[in-house]
Amino acid sequence: MNDIRIESLKELGEAARLFLDGIGESRVIAFYGAMGAGKTTFIKALCDVLGVEDDVNSPTFNIINEYRAENGDAVYHFDFYRIEKVSEAMDIGFEEYVYSGDLCLIEWPQNIEQILPVDTLKVQISVLDDGCRVVTF
Ligand SMILES: Nc1ncnc2c1ncn2[C@@H]1O[C@H](COP(=O)(O)OP(=O)(O)OP(=O)(O)O)[C@@H](O)[C@H]1O
Ligand SMILES: [Mg+2]
């Protein structure tokens, strides 16, 4: 188990670098955490480290955003908050994305738990009483 503690927004960049160094070969990463815990914020920080120049925003209405990293690789950002049925994920081609070998960053994975690949890296983002975030994976 790894824990990365983030005391303020200023530490996000360093936290994102540590995280990317720590995930090994994982390509499908599921971010669990309460509303407002900081999932989108952390994904933005990861995309910054990867040199994504596109706007990184929660794809709440369209479920998926596609970005391009500095090295040319695609990065997929999913938000399943509003999904009502797992079939909606299938309809947007979720399985093709997650088995593509490209980096997939997923918010609200609990709503599509049944179709997450077995090797999905599960990450918890928690908020402490003092507002610090802890990223556990
Ligand atoms: N590490 C952090 N330190 C301080 N504030 C943070 C941190 N991460 C996120 N926040 C703040 O928390 C708020 C919510 O963040 P964010 O939108 O990333 O949460 P979320 O988990 O994606 O929420 P949702 O469940 O609605 O998708 C934002 O105002 C953001 O600036
Ligand atoms: Mg979000």
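Please refer to the structure higher up on the page.
Notes on the structure in this doc start here. Note that residues are indexed from 1 along each chain, following the sequence as it is written. In the order they appear in the text, chains get letters beginning with A and ligands get numbers beginning with 1. Side-chain atom pairs in this predicted model are given and counted only at pLDDT of 80 or more, local residue features only at pLDDT of at least 70, and totals for whole chains, interfaces and linings cover all residues. Side-chain metrics in this entry use all non-hydrogen atoms of the structure; hydrogen atoms and water are not considered.

### Some words on the coordination of the magnesium ion (ligand 2)
Looking at the magnesium ion (ligand 2), the protein donor atoms are Thr40 (OG1) and Glu107 (OE), and they sit 2.0 to 2.2 Å from it. You can see Thr40 sitting in helix α2 (residues 39-49) and its partner Glu107 sitting in strand β5 (residues 103-107), a full 67 residues away along the chain. The same class applies to Thr40 as to Glu107, namely buried. Note on donors: an N, O or S atom is included if it sits within 2.8 Å of the metal, or within 3.2 Å for Na, K and Ca, and water is never included, so sites can look incomplete. Helix and strand assignments come from DSSP, with helices taken as H or I runs of at least 4 residues and strands as E runs of at least 2, each series counted from the N terminus. Buried residues are those whose accessible area, probed at 1.4 Å on protein chains only, stays under 20% of the maximum for their type, while exposed residues exceed 50% and partly exposed ones sit between those limits.

### Some words on the packing of aromatic side chains
Ring pairs are drawn from Phe, Tyr and Trp, using the six-membered ring of Trp, whenever the two centres fall within 6.5 Å, and their geometry is named by plane angle: stacked under 30 degrees, edge-to-face over 60, tilted for the rest. All told, the structure shown has 10 aromatic pairs when counted by the stated rule. On the numbers, 5.7 Å between centres and 15° between planes, the contact of Phe78 with Phe80 is stacked. With respect to burial, Phe78 and Phe80 carry one shared label: buried. Ring centres of Phe80 and Phe94 lie 5.4 Å apart, and the angle between their planes is 85°; this geometry places the pair in the edge-to-face category.

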